[in-house]
Amino acid sequence: MIHFVLLVSRQGKVRLTKWYSPYSQKERSKVIRELSGIILSRGPKLCNFVEWRGFKVVYKRYAGLYFCMCINQDDNELEILDIIHHYVEILDRYFGSVCELDLIFNFHKAYYILDELLIAGELQESSKRTVLRLVDAQDCIVEIAHQQASSLKQGIG
Amino acid sequence: MGSQGGFYQSKEFLDLVKSIGEARSKAEEDRIVLNEIETLKRRISEPDIPKRKMKEYIIRLVYVEMLGHDASFGYIHAVKMTHDDSLLVKRTGYLAVTLFLNEDHDLIILIVNTIQKDLKSDNYLVVCAALNAVCKLINEETIPAVLPQVVELLGHPKEAVRKKAIMALHRFYQKSPSSVSHLVSNFRKRLCDNDPGVMGATLCPLFDLITIDVNSFKDLVVSFVSILKQVAERRLPKAYDYHQMPAPFIQIKLLKILALLGSGDKQASENMYTVVGDLFRKCDSSSNIGNAILYECICCVSSIYPNAKLLESAADVISRFLKSDSHNLKYMGIDALGRLIKISPDIAEQHQLAVIDCLEDPDDTLKRKTFELLYKMTKSTNVEVIVDRMIDYMISINDNHYKTEIASRCVELAEQFAPSNQWFIQTMNKVFEHAGDLVNIKVAHNLMRLIAEGFGEDDDSADSQLRSSAVESYLRILGEPKLPSVFLQVICWVLGEYGTADGKFSASYITGKLCDVAEAYSNDETVKAYAVTALMKIYAFEIAARRKVDLLPECHSLMEELLASHSTDLQQRAYELQAVIGLDAHAVECIMPSDASCEDIEVDKGLSFLNGYVEESIEKGAQPYIPESERSGMLNISNFRNQDHHEASSHGLRFEAYELPKPTVQSRIPPALLASTELVPVPEPMYLRESYQTPSVPSVSSDAGSSELKLRLDGVQKKWGKPTYSPATSTSNSTAQKTVNGVTQVDGASSTNSRTRETYDSRKSQVEISPEKQKLAASLFGGSSKTEKRPATGHKISKASTQMVKSHVPKSSMEVALEKTAPVQPAPDLLDLGEPTGTSVAPLVDPFKQLEGLLDTTQVGSAAAAKSPDIMAMYADTPAGIHDKDDGDLLSGLSKPPVTNMPGGTTTTQQEQRSKGPNPKDSLEKDALVRQMGVNPSSQNPNLFRDLLG
């Protein structure tokens with residue numbers, strides 16, 4: 001089970017956090033501080049895994065952004081690496097060659113996408129296409145709402 | 001589409017994000033965020049805020065909280081947003097509450113009603129949003145409120161909804177197993193869902209259910225095997241492919257389940273051999289995901305009933321992992337090795353130098369994993385080297401969590417395999433000295449017990465030797481400046497019991513030392529208490545031996561100080577000491593017998609010594625005592641209370657007026673625990689009792705084992721301590737026996753394999769190994785004369801070992817040849833999938849496309865449509881080997897060719913829309929837009945704009 005997902009920039013700035021196990025706000029800050037300290041200081045050639053408080057944290061760096069997931073001792077680390085990559089690929093398709101800036105300004109969208117990919121700490125959907133289709137379906141409603149709003153305005157005006 | 005629709009937010013919000021991005025210090029960032037919080041607090045409580053504005057405020061709150069600040073003042077507004085009718089607003093509300101609230105938050109009760117309503121919505125997107133929230137927010141108390149609706153949604157026409165409903169039920173199961181225990185059949189049914197996504201999701205709850213109770217799912221083995229086979233043969237829609245692997249995440253989940261089902265079950269395992277063997281052959285070891293599956297295969301192989309051929313394939317993969325340059329693969333290789341050596345212990349030997357390289361690697365993660373492996377392969381021959389290494393590493397690290405773990409492992413290994421008393425005492429001293437306060441107190445109690453009981457059942461002199469050496473080393477260590485409290489307790493206790501036992505040290509010397517301890521650590525009451533009691537013992541032994549007792553002046557002052565102590569415990573001990581000193585030899589002998597810490601104290605729980613008095617009273621006309629349970633007209637109070645308590649915990653809140661009676665909650669207390677509390681004679685002094693209970697309750701102790709804090713004493717054959725304290729040995733031994741039996745025939749195969757590898761590699765390059773490493777390898781791996789065969793470049797083989805390897809060459813060259821041809825001509829019994837994979841790559845049914853096809857009027861004719869019928873027919877044949885009826889449904893579900901299915905057409909257009917990557921125009925537009933918003937890439941963050949995948 002994935003306990004939390006963390007996106008941290010190379011400078012240690014938090015870009016996204018999602019907690020699937022209960023952590024208080026205080027614990028969360030502590031976890032982020034502790035982990036970004038450990039992970040950001042690791043060299044490029046080392047393992048993408050860190051053992052931490054009896055859990056394992058799998059991380060992968062994309063440009064200046066670290067994607068981290070915390071898992072149980074008996075989970076498959078290589079699989080988690082690919083879940084991370086899977087997520088990044090979906091983000092890439094969605095935003096069109098995603099960059100850190102997309103995630104900074106549209107972090108809520110990154111959350112929506114993550115919600116279609118992982119649920120309750122488990123991978124719920126392994127098809128890229130299905131995830132994107134669901135997110136697009138939600139966005140469509142948003143578009144329609146905007147169009148309606150603007151046409152309403154025009155009508156009034 | 002995301003980016004052009006992305007910047008809906010106001011300038012204000014973008015400025016906030018920008019200024020945070022440019023903050024140069026944490027303090028500056030905090031100041032900005034606190035300002036923002038003030039602004040939001042003011043704005044959010046204004047009346048009549050337009051919905052869009054409110055939505056933005058909530059997203060800003062999410063942002064603030066993400067940066068680690070408290071946004072709880074706005075939670076209620078997020079909750080209110082979930083009540084909104086518009087999905088657009090509702091979705092933001094749900095996102096915010098799932099991020100803000102933990103399952104025990106008070107506000108959740110306000111959302112339950114909305115969730116109930118939304119689960120009934122006609123719009124499947126609303127239902128999906130509600131289910132997302134259900135997974136995060138619904139707690140044990142509120143499960144009954146939504147459970148019926150969630151179960152109903154399992155039959156929803158949209159697969160996305162079914163999938164989320166399954167995951168929600170899985171979450172419920174994790175929170176409260178009894179709440180969904182009656183729904184197991186629903187999970188089984190969903191396994192045959194015609195959408196692969198739903199089927200894949202169903203594997204999650206099934207995995208959990210099977211972990212708890214393997215036996216009731218044995219009938220599914222065949223189904224799981226056939227699903228895995230179909231997945232591996234690319235029968236699932238192409239959309240599930242990932243990096244050219246067919247649905248790898250589903251494969252991994254299935255392998256995990258098979259590992260559980262096949263564990264210790266020969267018949268079930270035999271069903272799996274073929275498919276796992278196929279996976280070993282098919283998996284692409286050049287991609288990460290391929291290796292993930294291979295690793296999972298190894299886990300599966302090491303868990304199910306052993307099979308020589310599969311073990312061989314597993315060993316091959318492991319050596320490939322270990323030889324890889326990637327640290328990740330080395331790590332996985334070490335882990336896999338740890339799993340496999342349980343079945344074939346010889347396999348470690350051929351990788352000895354690779355293991356040592358990993359042990360000396362600068363990468364801490366890899367190092368720790370290797371220590372874990374060493375821990376698993378410790379024997380009495382290599383225990384000294386391994387424990388010494390562990391202690392050295394333990395001293396070098398600061399991570400308390402890991403320090404604790406490795407310390408307890410050292411202790412455990414030392415207890416099990418110690419070659420000599422001397423070494424054992426020294427090792428324990430080192431562990432206590434360097435990790436004293438992190439070591440569980442039970443470890444200390446255990447050590448005291450071991451010293452008291454000794455380990456030689458026959459040899460008393462060995463015991464006293466052990467004690468003398470302990471006393472000596474402790475007296476030496478007391479000279480050190482600062483010692484951990486736990487260690488001091490052990491030292492005081494041992495000095496009290498055995499300080500004067502061998503007559504080497506005088507009572508005044510030992511008491512002097514004890515007084516020093518009490519003085520030096522005067523703010524540690526526990527240590528002081530131990531010291532005073534030790535003093536009392538020493539004096540008591542002196543008195544009992546009819547020697548003259550001279551109280552040292554420092555002892556006098558200590559006693560006087562403690563007589564006036566604020567701690568009642570210390571005060572009492574001091575008074576006792578005073579009293580004992582005043583007694584005569586005979587009395588002292590009775591209350592403080594020498595070396596009696598291990599004698600059983602009989603507690604007469606029936607109070608039989610009162611019988612005479614009771615009878616006398618009854619004769620005089622007193623009422624006989626009636627036990628509580630036999631009293632008529634009274635409810636069984638304890639039961640009643642239990643029920644009451646249970647009611648309170650499971651139905652704190654009621655959402656419906658009446659409920660059907662639920663199946664009873666299964667008692668999680670193992671019967672053994674109940675039994676142990678009824679043990680009548682308390683076998684030992686109080687402080688030892690806890691450590692006894694651990695082994696007497698196997699199920700509890702196995703739980704404890706996972707936390708890795710306590711010693712795992714159950715089921716381990718002990719070299720130290722009384723053999724009676726490992727009652728679990730009988731069971732664990734038998735299982736061990738089983739695997740050993742299975743391996744006997746395996747051994748032959750794996751050893752030939754190792755030989756081929758040896759020569760194969762040695763021909764590849766000359767290897768040189770430093771003598772130091774060789775020595776270490778020899779001491780770790782049982783001093784085998786075989787040297788390493790790793791193709792490590794830049795190493796040359798030493799003379800002796802070249803000869804050694806050369807002598808192998810002629811013998812095994814045949815085997816090398818065999819190995820080379822093996823992949824070309826696999827054994828016929830494994831070759832049951834005749835058709836080449838090419839045919840099965842054909843376009844398949846994507847249910848999403850089916851539905852899309854229904855909606856989409858611009859259908860494009862597809863050439864593939866003509867092809868699909870015969871592929872479908874091909875599936876229809878497959879259920880032949882499947883006895884489970886449900887499973888047949890899955891296949892037929894998959895094979896139903898939907899009329900409206902138009903693969904290709906719709907997706908390609910979408911693809912074009914989405915794949916913006918190579919289009920420079922888009923990137924430029926994006927860049928321009930960003931600049932327009934006033935956000936420039938700052939100099940301190942130069943790769944902000946670089947693509948994540950670039």
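Every value quoted in this text rests on a predicted model; they were computed, and no experiment measured them.

Draft legend 1. Geometry of the sheet that holds strand E4 (residues 55-62) of chain A. All names here are of chain A. Read from one edge to the other, the open sheet built from five strands follows the order E2-E1-E5-E4-E3, with strand pairing classed as antiparallel. With one partner strand each, in any of the chains shown, strand E2 (14-19) and strand E3 (49-52) form the two edges of the open sheet. Neighbour to neighbour, the strand axes of the sheet diverge by 20° on average, direction disregarded. Across five bridges, strand E1 (residues 2-9) lies against E2 in antiparallel orientation. Its bridge partner being in E2, Val-8 is matched across the sheet by Val-14.

Draft legend 2. Quick peek at the packing of helix H27 (residues 525-544) of chain B against helix H29 (residues 568-582) of chain B. Residues and elements named next belong to chain B. The interhelical angle for the contact between H27 and H29, taken along N-to-C directions, is 10°, at an axis separation of 10 Å. The orientation of H27 with respect to H29, classified from their angle, is roughly parallel. The segment H27 lies against H29, with Glu-525, Lys-528, Ala-529, Val-532, Thr-533, Leu-535, Met-536, Tyr-539, Ala-540 and Ile-543 engaging Asp-569, Leu-570, Arg-573, Ala-574, Glu-576, Leu-577, Val-580 and Ile-581. In terms of residue class, the contact of H27 with H29 is built from twelve nonpolar, one polar and five charged.

Draft legend 3. Region of interest: the pattern of salt bridges. Applying the stated rule across the entire model yields 45 salt bridges over all chains. Notably, a salt bridge pairs Arg42(A) with Asp363(B), separated by 2.9 Å at the nearest N-O pair. Here Arg42(A) is found in the loop between helix H1 (25-40) and E3, whereas its partner Asp363(B) is found in the loop between helix H18 (352-359) and helix H19 (364-376) on a different chain. Asp363(B) carries the same exposure label as Arg42(A), and that label is buried. Between Glu36(B) and Arg60(B) there is a salt bridge, with its nearest N and O atoms 2.7 Å apart. Highlighted residues: Glu36(B) in helix H2 (residues 26-44) and Arg60(B) in helix H3 (residues 51-66), separated in sequence by 24 residues. Of the residues examined, Glu36(B) reaches a relative accessible area of 7% and is grouped as buried. Classification of Arg60(B) by relative accessible area gives buried; the value is 2%. Taken together, the salt bridges that share partners define one network made up of Glu12(B), Glu36(B), Arg43(B), Glu56(B) and Arg60(B).

Draft legend 4. Region of the structure containing empty space enclosed by the protein. Inspection of every chain in the model, using the stated rule, returns 17 cavities of 30 Å³ or more. Taken together, 21 residues form the lining of the largest cavity, with Lys18(A), Asp115(A), Thr98(B), Ala129(B) and Asn132(B) sitting closest to its centre. Of all the secondary-structure elements, those providing two or more residues to the lining of the largest cavity are helix H4 (107-117) and strand E6 (118-119) of chain A together with helix H5 (87-100) and helix H7 (124-137) of chain B. The leading source of residues in the lining of the largest cavity is H7(B), at six residues. Looking at the lining of the largest cavity residue by residue, the classes come out as twelve nonpolar, three polar and six charged.

About the cut-offs
Residues numbered from 1 in each chain as written. Chains lettered and ligands numbered in written order. Predicted model: local features only at pLDDT ≥ 70, side-chain atom pairs only at ≥ 80, totals over all residues. Heavy atoms only, no water. Pairing = 2+ DSSP bridges. Helix = DSSP H or I, 4+ residues; strand = E, 2+ residues; numbered from the N terminus. Axes fitted to C-alpha atoms, helices over the stretch in contact; angles between N-to-C directions. Parallel < 35°, antiparallel > 145°, perpendicular 65-115°, else oblique. Contact = heavy atoms within 4.5 Å. Nonpolar A, V, L, I, M, F, W, Y, C, P; charged D, E, K, R; others polar. Salt bridge = Lys/Arg side-chain N within 4 Å of Asp/Glu carboxyl O. Buried < 20%, exposed > 50% of the residue type's maximum accessible area, 1.4 Å probe, protein only. 1 Å grid on protein atoms, 1.4 Å probe; cavity = no way out; pocket = protein on both sides within 12 Å on 5 of 7 lines; lining within 4 Å. Points joined across faces, edges and corners; volume = space filled by probe spheres on them.

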